[in-house]
Amino acid sequence: MKIIETERMILRSLTINDAKDVFEWAGDPIVNRYMPYPLHENVHQTEEWISTLGDKNEFAFSLKDTGKVIGSGSITYRAEYKAYELGYNLNRKFWGKGYATEAAKAMIQWAYQVLSAHDFFARHANANKASGNVIIKCGFQFDKYGQYSRYDGSEMFEASYYTLHLE
Ligand SMILES: CC(C)(COP(=O)(O)OP(=O)(O)OC[C@H]1O[C@@H](n2cnc3c(N)ncnc32)[C@H](O)[C@@H]1OP(=O)(O)O)[C@@H](O)C(=O)NCCC(=O)NCCS
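Residues numbered from 1 in each chain as written. Predicted model: local features only at pLDDT ≥ 70, side-chain atom pairs only at ≥ 80, totals over all residues. Heavy atoms only, no water.

A.B. asks: Would you explain the packing of helix H1 (residues 19-26) against helix H3 (residues 43-51) in this entry?
C.D. replies: The packing of two helices is summarised by the inter-axis angle and the distance between the axes. Contact geometry of H1 with H3 gives a least axis separation of 9 Å together with a crossing angle of 110 degrees. Relative to H3, H1 is oriented roughly perpendicular. For the pair H1 and H3, the contacting residues are Ala19, Lys20, Val22, Phe23 and Ala26 in the first and Val43, Thr46, Glu47, Trp49 and Ile50 in the second. Its residues assigned to classes, the contact of H1 with H3 shows seven nonpolar, one polar and two charged. (Axes fitted to C-alpha atoms, helices over the stretch in contact; angles between N-to-C directions. Helix = DSSP H or I, 4+ residues; strand = E, 2+ residues; numbered from the N terminus. Parallel < 35°, antiparallel > 145°, perpendicular 65-115°, else oblique. Contact = heavy atoms within 4.5 Å. Nonpolar A, V, L, I, M, F, W, Y, C, P; charged D, E, K, R; others polar.)

Encoded structure:
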């Protein structure tokens with residue numbers, strides 16, 4: 001069982017029962033603006049996505065006080081970088097309250113302790129200042145400028161890449 005406890009959240013695997021909560025952000029074009037995955041058109045698409053996750057390290061961010069799932073994040077090994085990539089997105093109603101930083105820090109610590117991960121990277125579209133702030137608050141250092149594109153190739157983003165090494 002993958003469970004991480006933070007001050008205000010429980011981070012755990014996503015289940016099909018979370019689909020309605022997840023669709024609140026996965027179907028929101030503003031949240032999706034700089035994400036590589038396509039905007040979800042309906043909750044069934046969200047259910048399908050959740051059903052593909054298997055044992056991937058994709059965590060639901062569930063509020064301790066209500067149980068509501070307000071976002072999700074991932075820690076994914078990328079062989080080409082020899083490092084674990086950090087990713088996250090959050091329901092817009094819950095932005096600006098420190099949740100992404102709290103969850104991201106906890107996922108990094110979890111990966112360090114449980115996966116023996118020492119090297120991490122993260123990237124954000126240059127226009128996506130909020131994500132850049134989360135990355136910096138997690139202790140990452142700027143590495144280089146680059147680009148990434150949406151999975152369907154419809155858009156390319158100018159981006160900044162960061163690395164974090166934990167001894
Ligand atoms: C990026 C995202 C996850 C940040 O979530 P969040 O919970 O609002 O972030 P936090 O509250 O932890 O904020 C982290 C820092 O960024 C700052 N910040 C938040 N929104 C900001 C914005 N729109 N512009 C600039 N800074 C912002 C916060 O003030 C905070 O810094 P501070 O503690 O010094 O004040 C959220 O905006 C989101 O889901 N965006 C869409 C999806 C996305 O872009 N994911 C990342 C792809 S790389």
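A.B. asks: Honestly, unusual backbone geometry in this entry has me stumped. Any pointers?
C.D. replies: With glycine set apart, most residues show a phi of negative sign, and most peptide bonds adopt trans. Positive phi is not limited to glycine here, since Lys82 has a value of about 50 degrees. Along the chain, the position of Lys82 falls in the loop between strand E4 (69-78) and strand E5 (83-90). A relative accessible area of 63% means that Lys82 is categorised as exposed. For Ser116, which is not glycine, the phi dihedral falls at a positive 55 degrees. On the secondary structure map, Ser116 appears in the loop between helix H4 (99-114) and strand E6 (119-125). (Buried < 20%, exposed > 50% of the residue type's maximum accessible area, 1.4 Å probe, protein only.)

A.B. asks: Which parts of the structure should I look at to understand the site of the ligand?
C.D. replies: Close to the ligand lie 20 residues; Gly96, Gly98, Thr101, Asn128 and Lys137 are nearest. Gly96 is positioned such that a nitrogen or oxygen atom in its backbone is 2.6 Å from an oxygen atom of the ligand. One of the backbone nitrogen or oxygen atoms of Gly98 is found 2.6 Å away from an oxygen atom of the ligand. Alone, the ligand offers 930 Å² of accessible surface; in the complex the protein occludes 71% of this. Those elements giving two or more residues to the shell around the ligand turn out to be E5, H4 and helix H5 (129-137). It is H5 that contributes the most residues to the shell around the ligand, six residues altogether. Residue composition of the shell around the ligand, by class: nine nonpolar, seven polar and four charged. (Near = heavy atom within 4 Å. Polar contact = N/O pair within 3.5 Å; in protein donor to acceptor, adjacent residues only side chain to side chain. Areas by Shrake-Rupley, 256 points an atom, 1.4 Å probe, with all protein chains shown as cover.)

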